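Coordinates in review
Residue strings, one per chain:
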Amino acid sequence: MISLARKVIRFELNMWRSLYAWARRRVRGQGPGDLPVAYANGASAIMWAFIVLNCLEIVALHIMIPWETVRFLLDLLGVYSLVWFVGLLAAMKVHPHLVTGSGLRVRYGTSVDFTIPWESVVRAGTRIRSVEGFRTVRFDESVVSVGISSQTNVDIVLHEPMVVQGKPVTEVRIFADDPKALIAAVNSGRVAAVPGT
């Protein structure tokens, strides 16, 4: 129970930090020379649809509910859920994947963050795949998929297993708004790290 409460509090704090960073047009965790690679466009349309519907719901309930106290409480709940959806979108925007000097930092909002060292990469390629279910991170034997809208479009094959969220994987599948640019950056980092590959 305490662990769940900590996760909820951490999520709330990260949401507000993400909103602040998005308002200031900052990328969180980006170091000098790091290249941010966006992935949020795959989910942006759905997120904006939820945000617009939430706004309409707030207005509709405010007009329909005759009791002032109930109306006020529903308004508060509606505004909070609106901020929550915007915060979720902000978290994806300000936590892109990062191409760094040491590897590819794979991220999804504030819930996924791990780095694939360049020395571990055998190859990277583009392939659109569907991810079953609604979970962002899905493990299938030695493959981990970090999907956006139940889809990945970049496959990264590793020399040997690396541990992601406690499980060994030899292939990482992710989504990028510009998969070709990401693959070029990954291959460039791999070649620079392991000359002669």
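All values reported here derive from a predicted model rather than from experimental measurement.

A short note on the side chain of D34
Mapping D34 onto the fold places it in the loop between helix 1 (2-23) and strand 1 (35-37). Here D34 is buried and forms no salt bridge, its nearest opposite-charge partner R105 lying at an N-O distance of 6.0 Å. A polar atom in the side chain of D34 sits 2.8 Å from the backbone nitrogen of G31.

Brief notes about unusual backbone geometry
In this structure, E141 is a non-glycine residue whose phi angle is positive, near 60°. Relative to the assigned elements, E141 resides in the loop between strand 6 (137-140) and strand 7 (143-146). Even without a glycine there, the phi angle at S150 is positive, about 60°. In this fold, S150 is placed in the loop between strand 7 and strand 8 (151-164).

A word on the side chain of T100
Within the element layout of this structure, T100 appears in the loop between strand 2 (97-99) and strand 3 (103-108). A polar side-chain atom of T100 sits 3.3 Å from the main-chain amide nitrogen of S102. Discounting residues that sit within four places of it in the chain, T100 has contacts with D34 and W118.

A look at the pattern of salt bridges
Applying the stated criterion across every chain yields a total of four salt bridges. As a salt-bridge pair, E132 and R138 come within 3.8 Å of each other at their nearest N and O atoms. Under the relative-accessibility criterion, R138 is labelled partly exposed at 35%.

A few points about the pairing of strand 7
In strand 7, alternate side chains face the same way, and those of V143 and S145 on one face and V144 and V146 on the other are all buried. Inspection of the sheet shows strand 6 paired to strand 7 by four bridges, in the antiparallel sense. The residue bridging D140 from the neighbouring strand is V143, located in strand 7. By the bridge criterion, four bridges tie strand 7 to strand 9 (residues 167-174) in an arrangement that is parallel. Note on strand 9: the bridge partner recorded for S145 is R173.

Re helix 1
Residue pairs three or four apart in sequence face the same way in an α-helix, which turns once every 3.6 residues. A rise of 1.5 Å per residue sets the reference length of helix 1, with its 22 residues, at 32 Å; its end C-alpha atoms lie 32 Å apart and thus fit the reference within 8%. Among all positions in helix 1, only N14, M15, S18, L19 and A21 are buried. Taken end-on, helix 1 shows its buried residues confined to a sector of 160°, consistent with a single buried face. Within helix 1, the exposed residues directed more than 90 degrees away from the buried face are I2, R6, I9, Y20 and A23. Directly after helix 1, the chain includes R25, whose backbone phi takes a positive value near 55°.

Comments concerning the packing of aromatic side chains
In this description, a pair of aromatic rings is defined by centroid distance and the angle of the planes. The final tally for this structure, using the stated rule, is four aromatic pairs. Look at F11 and W84: their rings are 5.9 Å apart centre to centre, the planes differ by 40°, and that puts the pair in the tilted class. Separated by 73 residues along the polypeptide, F11 in helix 1 and W84 in helix 3 (residues 68-94) bring together distant segments of the chain. Ring geometry for Y39 and Y108: centres 6.0 Å apart, planes at 25°, overall stacked. Note that Y39 is positioned in the loop between strand 1 and helix 2 (41-64) and Y108 in strand 3, a separation of 69 residues in sequence. Y39 gets classed as buried once you look at its relative accessible area, which sits at 1%. Through successive ring pairs, a cluster of aromatic residues spans F11, F50, W84 and F85.

Remarks on the sheet that holds strand 4 (residues 112-117)
A sheet is described by the order of its strands in space; here four strands give the open sequence 1-2-3-4, paired in antiparallel fashion. The sheet is open, and its two edges are formed by strand 1 and strand 4, each paired on a single side. Across the sheet, the mean angle separating the axes of adjacent strands is 20° when strand polarity is ignored. With three bridges joining them, strand 1 and strand 2 adopt antiparallel strand pairing. What sits directly across from L35, in strand 2, is V99.

Conventions and cut-offs
- Sequence order as written defines the numbering, with residues in each chain counted from 1.
- pLDDT decides what is reported in this predicted model: residues at 70 or higher carry local features, side-chain atom pairs at 80 or more are listed and counted, and totals for whole chains, interfaces and linings draw on all residues regardless.
- With hydrogens and water stripped out, all remaining heavy atoms of the structure feed into the side-chain values.
- Each helix corresponds to a stretch of at least 4 residues labelled H or I by DSSP, and each strand to a stretch of at least 2 residues labelled E; elements are numbered beginning at the N terminus.
- Residue exposure (1.4 Å probe, protein chains only): buried if accessible area is under 20% of the type maximum, exposed if over 50%, otherwise partly exposed.
- Charged residues are defined narrowly, with Lys and Arg counted positive, Asp and Glu counted negative, and His plus the chain ends left uncounted.
- What counts as a salt bridge is simple: a side-chain nitrogen of Lys or Arg found within 4 Å of a carboxyl oxygen of Asp or Glu.
- In the analysis that follows, any N or O atom pair within 3.5 Å is treated as a polar contact, provided that within protein one partner can donate a hydrogen and the other can accept it, and provided that, for residues neighboring in sequence, both atoms belong to side chains.
- For this analysis, residues touch if any pair of their heavy atoms sits within 4.5 Å.
- When DSSP finds at least two bridges between two strands, those strands are taken to pair.
- Take the number of residues in a helix, subtract one, and multiply by 1.5 Å to get its expected span.
- Taken from the helix axis, the directions to the C-beta atoms give the arc we talk about.
- Stacked, tilted and edge-to-face pairs are distinguished by plane angle, under 30 degrees for stacked and over 60 for edge-to-face with tilted covering the rest, among Phe, Tyr and Trp rings (Trp via its six-membered ring) whose centres lie within 6.5 Å.
- To obtain an axis, a line is fitted to C-alpha atoms, over the contacting stretch when the element is a helix, and the angle between two such axes runs from 0 to 180 degrees between their N-to-C directions.

Function-wise, these values are silent; they only describe arrangement.
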